[in-house]
Structure formats: structure tokens, C-alpha cells
Amino acid sequence: MEPLVIGNKSSRLPVIQGGMGVGVSLSGLAGAVAAAGGVGVISAAQIGFDEPDFYTDCPGSNIRALKRHIALAKEKARGKGGLVGVNIMVATSEYRAHVHAACEAGADLIISGAGLPADLPGLIKGYEQETKIAPIVSTAKAARVILKLWEKKFQRTADLVVIEGPMAGGHLGFSPKELDTLTPQAYDKEIKDIIAVVNSYGDKFNCQIPVVIAGGIFDKKDVEHALSSGAKGVQIATRFVVTKECDAAPAFKEAYLKAAASNIEIIKSPVGMPGRAIHNGFLEKIRSGPCAVTRCLRCLSACNPAQTPYCITQALIRAVKGDVENGLIFCGANASRLVRMTTVEELMRELTC
């Protein structure tokens, strides 16, 4: 397969490993993917959760951990033909600080969604050659809005665009009704419309803006279908969870392997967006009423601890550390198709060879 070219950077293989937080994709997974020739992505979401001062200095521990994990992943990937990126949610309360830290640490790519990354080009000023930027969009309208905004405000465009479809894991840019009715076949039309919008801005700026398709990509057949639609690469998250190198606890990975299609459901996240997760005791518990937030870490700018049904940070931390009955386990729609553990190298070969 052709390399994924992002401006003056490229990865040997056109596969981006999707960022998964809290703590599911850190330097262990991202570094292994980059070393295998893909784009390994670290999730910046509460990345300092394992730091000794996380509860006394949450912002500081997150920034320190982010820089450390970028450095570790880049060291693993050195000379191997891959890139190291970071996924930073716009909804993060310390969004600007996270972007600045990623640039200072030498991240090759910042992927940003869960909101409109309106100010991202300005936040990477001075680092444009080293750090590329990619918004996550789900509709042609969203692509047009963000690219028009960046053109007007910063006289520039995206280096890459990620299209996240309705079968993705974690937070989703669709309404619950759309998730019930939108088929992969119907979404193919939206993908073509988004690519057309992106290409028109590439023509304006006399450059190629690669488009990467995410959500429901499971095997080589899916990769080839995405590339045949005009995309230059794919983003895959769920399949990388059940790899040896994934940073999550073994019990978290086992939850994926045990998941049946009937166990995967759409939930309402405290972020205010629908999300896809594996059913467990925790989801049963919050159905009967909210879980009081006893300690707020101010992780999300729009979160009101007095009104939120539960603390998403604590729920995700419990899960990634292995308490899978009392934590939130985000996953993609195809998690039930997983049958065995593998390695990053094996998976990358399966997807691209």
C-alpha cells in the first residue's frame, strides 16, 4: 500500500491507530504502531492518571505525562518509518496547554475532535513544519465549517482530515437516532461528499489534503474499500486494544474479547455526546440514578459536577486499570468480532499485506 503523506511528513503504511483514553493508547501502543510503520496516536485524555500527583495537580501531571509519553513513543519509532501523533479533545478544559505541550514535545500530528477545533492552527504557530493538524469530522457540513473557518481566520487549511463514521467507538458525532438508522452503505455517500469538500480546499491552497476514514474498519477488505473511495488511509482503534502492546490492563482487553454484539450499546456521556460502550455493572448502576461526584478534576470544560450523572474520568480510569465491572469501557461497533490476542506487528501485516 502507498505511504500516508501528510505535508512534509509521511508514514510507511496508511494506518493510523486511533487515540483511546483514558490510558488505553499511551507510548506503549503508539510507539509500537509507529515502529511498525503506521501512525501511533497517544490519547491526551487525563494522561497523567497514573502520576503520583494526579489528584493534587491534575493539569501539571497531565502535561508532564503527555510530554513523557510522546518522547518515549518517538524513541521507539526512531528510524522505523512511522509517525507519532496525539489525540486532544476540544472539550478538554486545558486544551490549549495540551496542544502547546504536544508541539513542544515534537508530536508529528495532532488530531482533534469532540468539539470544533476552531483555534488549533493558531495554537501551533511556530511549529507548523514539525506538527501537523487534523480535525475530526462526521459530515460534509462539519468539514466545510471548519475548513472555511481556518481559511478565514488563519489563511491556511488542514494537513489531514479524519472522517469518523457511525460505527466508531467512544464519543460519536451523531445523534442517537442517526446511529440507529445510518447504515455503512448510506454513510459511503457522506464520505464521498466530505472528500469532495476537502479536495476543493486542497485545490484552493494548491496542496493535497489526505483524508482518513475511521469507524468500523476491521480487516484488510475494509481498508481496501476505504482507499477505493478516495481516502488515503484509515484510522483503526478497537482492533489495537487486543494487542500485547496496548497499554490497558489485561482485564480490559479480555472484556473486548468476551463482548457479544448484544452487549454493545449507545450511552449518553457526561460530555453531552452519545458514546458506544460495552454493557457492564457500571452501566446498570447509572441507569438507576446518578453517581455523586465526590472529587472533581475539572477535566471537561462543559462539565458541571453538581449535575453530571457520573465522573467520566474515574469511570475510565477504573476500566483501564482492570476494574471492568465498575468502569466505563468504550469500544467500536465491531468489538464483538474480536476472537484472539495478537501483536501490533501481526495486526499491521494483516491489514496491509
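An account of the accompanying structure is given in this report. These numbers come from a predicted model, not from an experiment.

### What about the overall build of the protein chain?
Here's step 1: Check the secondary structure of the protein chain and you find 13 helices and 13 strands.
Here's step 2: At 19 Å, the protein chain has a C-alpha radius of gyration in line with the 20 Å of a compact globule built from 353 residues.
Here's step 3: For the protein chain, the spread of C-alpha atoms along the principal axes amounts to about 55 × 40 × 40 Å.
Here's step 4: In the protein chain, which comprises 353 residues, the share counted as buried stands at 56%.
Here's step 5: For the protein chain, contacts bridging at least 24 residues in sequence account for 67% of all contacts bridging at least 6.

### Thoughts on the packing of aromatic side chains
Here's step 1: One pass over the full model with this rule turns up four aromatic pairs.
Here's step 2: Each ring, one from Phe-54 and one from Tyr-55, has its centre 5.0 Å from the other, and the planes form 75°; the classification is edge-to-face.
Here's step 3: Of the residues examined, Phe-54 reaches a relative accessible area of 0% and is grouped as buried.
Here's step 4: Each ring, one from Phe-282 and one from Tyr-310, has its centre 5.1 Å from the other, and the planes form 90°; the classification is edge-to-face. A residue pair is termed long-range when its members are at least 10 positions apart, and Phe-282 in helix H11 (residues 281-287) and Tyr-310 in the loop between H11 and helix H12 (312-320) qualify at 28 residues.
Here's step 5: On the basis of relative accessible area, Phe-282 is assigned to the buried category, the value being 3%.
Here's step 6: With relative accessibility at 2%, the residue Tyr-310 sits in the buried group.
Here's step 7: Against the face of Phe-218 rests Arg-337, its NZ or CZ located 4.1 Å from the ring centre.

### Some thoughts on the environment of Glu-164
Here's step 1: Mapped onto the fold, Glu-164 is located in strand E8 (residues 161-164).
Here's step 2: For Glu-164, a relative accessible area of 13% translates into the label buried.
Here's step 3: Spatially, the C-alpha atom of Glu-164 lies 8.6 Å from that of Gln-235, the residues being 71 residues apart in sequence.
Here's step 4: Once residues within four sequence positions are removed from consideration, Glu-164 is found in contact with Ile-136, Val-137, Ser-138, His-171, Phe-174, Tyr-187, Ala-214 and Gln-235.

### Overview of the pairing of strand E13 (residues 274-278)
Here's step 1: Counted residue by residue, E13 has five buried out of five residues, so it is predominantly covered.
Here's step 2: Bridge analysis of strand E9 (residues 170-171) against E13 gives two bridges, and the strand direction is antiparallel. In the sheet register, His-171 faces E13, and the bridge partner there is Gly-275.
Here's step 3: Pairing geometry for strand E12 (residues 264-268) and E13, over five bridges, is antiparallel. By the bridge assignment, Ile-266 is partnered in E13 with Arg-276.
Here's step 4: The antiparallel hairpin formed by E12 and E13 contains five residues in its connecting segment, where Gly-272 sits at a positive phi of about 95°.

### A word on the packing of helix H1 (residues 27-35) against helix H2 (residues 58-77)
Here's step 1: In the contact formed by H1 and H2, the axes pass within 8 Å of each other and the chain directions differ by 30°. The pairing of H1 with H2 is recorded here as roughly parallel in orientation. Crossing handedness for the pair H1 and H2: right-handed. Contacts between H1 and H2 pair Ser-27, Gly-28, Ala-30, Gly-31, Ala-34 and Ala-35 from the former with His-69, Leu-72, Ala-73, Lys-76 and Ala-77 from the latter.
Here's step 2: Residue classes in the contact of H1 with H2 are distributed as six nonpolar, four polar and one charged.

### Comments concerning the side chain of Ser-43
Here's step 1: Here Ser-43 lies in strand E4 (residues 39-43).
Here's step 2: Classification of Ser-43 by relative accessible area gives buried; the value is 4%.
Here's step 3: A polar contact is formed between the side chain of Ser-43 and the backbone nitrogen of Gly-21, at a distance of 3.4 Å.
Here's step 4: A polar atom in the side chain of Ser-43 sits 3.3 Å from the backbone nitrogen of Ala-45.

Criteria and cut-off values
- Sequence order as written defines the numbering, with residues in each chain counted from 1.
- Only residues with pLDDT of at least 70 are given local features in this predicted model, and only at 80 or more are side-chain atom pairs given and counted; all residues enter the totals for whole chains, interfaces and linings.
- In computing side-chain values, all of the structure's heavy atoms are included and hydrogens and water are not.
- Here a helix means four or more residues in a row that DSSP labels H or I, a strand means two or more in a row labelled E, and each is numbered from the N terminus.
- We take the radius of gyration over the C-alpha atoms and set the globule estimate at 2.2 Å times the residue count to the 0.38 power.
- Relative accessible area decides the class of each residue, using a 1.4 Å probe on protein chains only: under 20% of the type maximum gives buried, over 50% gives exposed, and in between gives partly exposed.
- Contacts: residue pairs with any heavy atoms within 4.5 Å of one another.
- Each pair of aromatic rings taken from Phe, Tyr and Trp, with Trp reduced to its six-membered ring, is defined by centres within 6.5 Å and is described as stacked if the planes are under 30 degrees apart, edge-to-face if over 60, and tilted in the remaining cases.
- A ring has a charge above it when a Lys NZ or an Arg CZ is no more than 6 Å from the ring centre and no more than 35 degrees off the ring normal.
- Two strands qualify as a pair provided that DSSP identifies no fewer than 2 bridges between them.
- Helix axes are fitted only over the stretch in contact, all axes being lines through C-alpha atoms; the angle between N-to-C directions runs from 0 to 180 degrees.
- Note on angle classes: values under 35 degrees are labelled roughly parallel, values over 145 roughly antiparallel, values of 65 to 115 roughly perpendicular, and the remainder oblique.
- What makes a crossing left-handed is the near helix being turned counterclockwise from the far one by less than a right angle; a clockwise turn instead makes it right-handed.
- We call Asp, Glu, Lys and Arg charged. Ala, Val, Leu, Ile, Met, Phe, Trp, Tyr, Cys and Pro are nonpolar, and the rest, Gly among them, are polar.
- Residues adjacent in sequence count toward polar contacts only when both atoms are side-chain atoms; beyond that, a polar contact is any pair of N or O atoms within 3.5 Å, and within protein one must be able to donate a hydrogen and the other to accept it.

These figures capture arrangement, not role.
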